[in-house]
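So the chains spell out like this:
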Amino acid sequence: RAGREPLDDLGRGLDHAAGRLVHLPAFEAFAFAEGVASFRREAAEQGNAARAREATEKALTAAEHIEDGRKPLLTLSAASLLARINQSALASSTLGQAVRQFNALKPEALREISWRRKIETGSTRLDFPLAVKGVDIGFGRSLPPLFTADLDSTLAAVNELTAEDLQAQAWLVITAMS
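Note that the structure is a prediction, hence the values are computed from the model and not measured.

## A short note on the overall build of the chain
Alright, step 1. Of the regular secondary structure elements, the chain holds eight helices and two strands.
Alright, step 2. Going residue by residue from the N terminus, the α and β elements of the chain occur as α-α-α-α-α-β-β-α-α-α.
Alright, step 3. When burial is assessed residue by residue, the chain has 43% of its 178 residues classed as buried.
Alright, step 4. Taking contacts inside the chain between residues at least 6 apart in sequence as the whole, the part at least 24 apart equals 63%.

## A word on helix α4 (residues 70-84)
Alright, step 1. In this model, α4 (15 residues) spans 21 Å end to end at C-alpha, consistent with the 21 Å of a helix rising 1.5 Å per residue.
Alright, step 2. Among the 15 residues that make up α4, 14 are buried, leaving the element largely enclosed by the rest of the structure.
Alright, step 3. Positioned one or two residues after α4, Asn 86 has a phi angle of 60°, which is positive.

## Regarding the environment of Leu 166
Alright, step 1. Assignment of secondary structure puts Leu 166 in helix α8 (residues 164-177).
Alright, step 2. Each C-alpha atom, one on Leu 166 and one on Gly 138, is 9.8 Å from the other, the two residues being 28 residues apart in sequence.
Alright, step 3. Residues within four places of Leu 166 in sequence aside, it is in contact with Phe 102, Leu 110, Phe 139 and Leu 161.

## Thoughts on the nonpolar core
Alright, step 1. In terms of nonpolar packing, the biggest core is built from 23 residues, with Leu 76, Leu 95, Phe 102, Phe 139, Leu 143, Leu 146 and Leu 161 touching the most fellow members.
Alright, step 2. Every element with two or more residues in this core is listed here: α4, α5 (88-104), α6 (139-149), α7 (151-160) and α8.
Alright, step 3. Contact partners of Leu 95, with chain neighbours within four places excluded, come to Leu 76, Ala 79, Leu 146, Ser 153, Thr 154 and Ala 157.

## Quick word on the packing of α4 against α6
A pair of packed helices is captured by two measures, namely the crossing angle of their axes and the spacing between those axes.
Alright, step 1. Here α4 crosses α6 at 40°, and the two axes come no closer than 8 Å. Taken together, the axes of α4 and α6 lie oblique to each other. Between α4 and α6 the crossing geometry is left-handed. Together, Leu 76, Ser 77, Ala 79, Ser 80, Ala 83 and Arg 84 of α4 and Phe 139, Arg 141, Ser 142, Pro 145, Leu 146 and Ala 149 of α6 make up the contact between the two elements.
Alright, step 2. Across the contact of α4 with α6, the residue classes tally to seven nonpolar, three polar and two charged.

## Some words on the packing of α6 against α7
Alright, step 1. Packing of α6 against α7 leaves a shortest axis separation of 5 Å and a crossing angle of 130°. Looking at the two axes, α6 sits oblique to α7. Within the contact between the two elements, α6 uses Leu 143, Leu 146, Phe 147 and Ala 149 and α7 uses Leu 151, Thr 154, Leu 155 and Val 158.
Alright, step 2. Among the residues making up the contact of α6 with α7, the classes are represented as seven nonpolar, one polar and no charged.

## Let's talk about the confidence of the model for the chain
Alright, step 1. The share of residues in the chain with pLDDT of 70 or more is 67%, and the mean pLDDT across the chain is 75.
Alright, step 2. Per-element confidence in the chain is highest for α7, whose mean pLDDT is 95, and lowest for helix α1 (residues 5-18), whose mean pLDDT is 49.
Alright, step 3. Per-residue pLDDT stays below 50 along residues 6-10; that stretch engages in nine contacts with residues further than four places along the chain or on separate chains.

## Considerations on the side chain of Thr 154
Alright, step 1. Along the chain, the position of Thr 154 falls in helix α7.
Alright, step 2. Overall, the relative accessible area of 2% leaves Thr 154 in the buried class.
Alright, step 3. Separated by 2.9 Å, the side chain of Thr 154 and the backbone oxygen of Leu 146 make a polar contact.
Alright, step 4. Sequence-distant contacts of Thr 154, that is, excluding residues within four places in its chain, are made with Leu 95, Leu 143, Leu 146 and Phe 147.

Conventions and cut-offs
- Residues numbered from 1 in each chain as written.
- Predicted model: local features only at pLDDT ≥ 70, side-chain atom pairs only at ≥ 80, totals over all residues.
- Heavy atoms only, no water.
- Helix = DSSP H or I, 4+ residues; strand = E, 2+ residues; numbered from the N terminus.
- Buried < 20%, exposed > 50% of the residue type's maximum accessible area, 1.4 Å probe, protein only.
- Contact = heavy atoms within 4.5 Å.
- Expected span 1.5 Å × (residues − 1).
- Core = buried A, V, L, I, M, F, W, Y, C linked by side-chain atoms within 4.5 Å.
- Axes fitted to C-alpha atoms, helices over the stretch in contact; angles between N-to-C directions.
- Parallel < 35°, antiparallel > 145°, perpendicular 65-115°, else oblique.
- Left-handed = near helix turned anticlockwise from the far one by under 90°.
- Nonpolar A, V, L, I, M, F, W, Y, C, P; charged D, E, K, R; others polar.
- pLDDT = per-residue confidence, 0-100.
- Polar contact = N/O pair within 3.5 Å; in protein donor to acceptor, adjacent residues only side chain to side chain.

Next comes the structure, spelled out in structure tokens:
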């Protein structure tokens, strides 16, 4: 029970924040999605697939409010976690959603993503990484669990990517796994 208390507190906080997510600026929505992603990873590691799935659905809802190239990357990360907790049908549909989001991006959208937050106070300027432990961003970490869970769906999804550079990245990961 003691190990679950931080997760329960975080879950209550996320439930409260979800009600006002629509009003948050893009950065806060991204941070919220990362927080939920971290929470869902911890829930999965504790063996509670129901809590992990619920938190993953919250992460996907949060990611819908993001209007830049981070959205498909977070959706891909969610699909990967669903594959890890044996939710292969939901993982496949979430992967399909990520592919549609990737295909809707302008070519420069992924290059323009900054995974850092600049904070300035007076003459001091610091960069802070936005990385969160347990959030797998990119094909290298996200595709292997999807590939293992449902080979055919993953290969079909990779074939649907319209950006050649993204498709090449995905095929490199799949080839390395074969």
